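Okay, here's what each chain looks like letter by letter:
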Amino acid sequence: MKLMTCPINGTRPISEFAYWGEIRPAPDADTCSDDQWAEYVFHRNGAPGVKKEWWCHTPSNTWFIAERDTEKDKVLRTFLHGDDK
Amino acid sequence: MNAPFAPNRISPLFDEQAPHAAKWTQVETMQTVASFGSADAARLPLAGIGDLSFRRRAGVKGPGAAAWLNALGIVTPERMNSWLRMDDGTLVLRLGNTEYLVEDAPGGSHAAQMNAAAPAHGVYPVPRYDAALVVAGRNALELTRQTCAFDFTTLSPAAQGLAMTSMVGVGVTAVAMESGGETYYRLWCDGTYGGYLWATLVEVASDLGGGAVGLESLGRLAQQ
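Residues numbered from 1 in each chain as written. Chains lettered and ligands numbered in written order. Predicted model: local features only at pLDDT ≥ 70, side-chain atom pairs only at ≥ 80, totals over all residues. Heavy atoms only, no water.

Points about the interface of chain B and chain A
Interfaces are often described in size by the accessible area the parts lose on coming together.
Thought 1: Each side of the interface is counted separately: chain B has 10 residues, and chain A has eight residues.
Thought 2: Interface of chain B and chain A: buried area, both sides summed, is about 720 Å²; carbon and sulfur atoms make up 61% of it.
Thought 3: It is Asn-81, Ala-149 and Met-164 of chain B that lose the most area in chain B upon contact with chain A, and together they represent 49% of the buried surface on that side.
Thought 4: Taken together, the links from chain B to chain A amount to zero salt bridges.
Thought 5: Scanning the region where chain B abuts chain A turns up four residue pairs in polar contact (both at pLDDT 80 or more).
Thought 6: In terms of residue count, strand S11 (residues 162-167) of chain B provides more of the side of chain B that touches chain A than any other element does, four residues in total. (Contact = heavy atoms within 4.5 Å. Buried area = accessible area lost by both parts, 1.4 Å probe. Salt bridge = Lys/Arg side-chain N within 4 Å of Asp/Glu carboxyl O. Polar contact = N/O pair within 3.5 Å; in protein donor to acceptor, adjacent residues only side chain to side chain. Helix = DSSP H or I, 4+ residues; strand = E, 2+ residues; numbered from the N terminus.)

Next comes the structure, spelled out in structure tokens:
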């Protein structure tokens, strides 16, 4: 069984979580070029590596960030938004 | 179905319960099953599932929620994911960090008070239309093992911890309580999933010698 650790609710089966994709800061829509906006909207980085991703513990609707090595499928740490020290 | 009155609240479990109900009653203006039949009393010590959805409850969340509840005379748990019972029997659950579920004891008025009071800055009402269940009996723990990946032995009544987890695919809030030295569990879930949760738990409970139990046989469990 795959496990994920919610910063609030602790370690639970992965079936209690929803994955919401890599954190991707949006460019300023008022000042960026069309190419930059298209890159943000349509392109994703599929290269394996350590990424920060949005996850949600669905029974409690707790949104948090997981730092995950997508090459090894290993979660390095999880934390709430704003707690990234 | 025999319902000689016109309740103004309907249990979210009504559709699942109606074909099996032998006797109805009305509690807190909600039509509730008093008895599913003569087997109720025998089911309860093994794996009894009861419906406590009739309890009045209200919820709030936000950074100002605890102070707002305290101002209304409602005591709030100090730890995240924990619960307490006030002297008047009111249950107060702290869900995560800043969300609270308040469930009145029979005849209580805290929920009505919360619904009537204007939310302060940083306080957001959370409408509660929960299906509220009680799972009791010596096979109750086994029932949770068959329906949920969370280990319910970590929920001791003394520690007053609370878990939000997934049971048969439904998000539930679970706590352990004690009555007469026996541990039993309270579950809350979104009312729209309540019928499925009820039917599934009753089916599993029947394999463990139990099943649905009406309010008359729940006795003290319905009062706590």
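A closer look at helix H6 (residues 191-207) of chain B
Residue and element names in this part refer to chain B.
Thought 1: The end-to-end C-alpha separation of H6 is 25 Å, in line with the 24 Å expected for 17 residues at 1.5 Å each.
Thought 2: Turning to H6, its buried residues are Gly-191, Gly-194, Gly-195, Leu-197, Trp-198, Thr-200, Leu-201, Val-202, Val-204 and Ala-205.
Thought 3: Of the residues trailing H6, Gly-209 is marked for its positive phi of about 90°. (Expected span 1.5 Å × (residues − 1). Buried < 20%, exposed > 50% of the residue type's maximum accessible area, 1.4 Å probe, protein only.)

Considering the packing of helix H5 (residues 140-147) of chain B against H6 of chain B
All names here are of chain B.
Thought 1: Contact geometry of H5 with H6 gives a least axis separation of 10 Å together with a crossing angle of 125°. In terms of their interaxial angle, H5 and H6 are classed as oblique. Considering the relative orientation of H5 and H6, their crossing is right-handed. The residues of H6 that touch H5, namely those facing Leu-143, Gln-146 and Thr-147, are Leu-201, Val-204 and Ala-205.
Thought 2: Along the lines of polarity and charge, the residues of the contact of H5 with H6 split into four nonpolar, two polar and no charged. (Axes fitted to C-alpha atoms, helices over the stretch in contact; angles between N-to-C directions. Parallel < 35°, antiparallel > 145°, perpendicular 65-115°, else oblique. Left-handed = near helix turned anticlockwise from the far one by under 90°. Nonpolar A, V, L, I, M, F, W, Y, C, P; charged D, E, K, R; others polar.)

Regarding the sheet that holds strand S3 (residues 17-22) of chain A
Residue and element names in this part refer to chain A.
Thought 1: Strand order in the open sheet formed by four strands is S3-S4-S5-S6, and the pairing between neighbours is antiparallel. Of all the strands in the sheet, the pair left with one neighbour each is S3 and strand S6 (74-79). Strand after strand, the sheet turns through a mean of 35° between neighbouring axes, direction not considered.
Thought 2: Relative to strand S4 (residues 50-57), S3 is paired through four bridges, and the arrangement is antiparallel. (Pairing = 2+ DSSP bridges.)

Focus: the environment of Trp-37 of chain A
All names here are of chain A.
Thought 1: Turning to its location among the elements, Trp-37 is positioned in helix H1 (residues 34-42).
Thought 2: Judged by its relative accessible area of 36%, Trp-37 falls in the partly exposed class.
Thought 3: The spatial distance from the C-alpha of Trp-37 to the C-alpha of Ala-26 is 8.3 Å, given a sequence separation of 11 residues.
Thought 4: The residues contacting Trp-37, other than those within four sequence positions of it, are Pro-27, Ala-29 and Cys-32.

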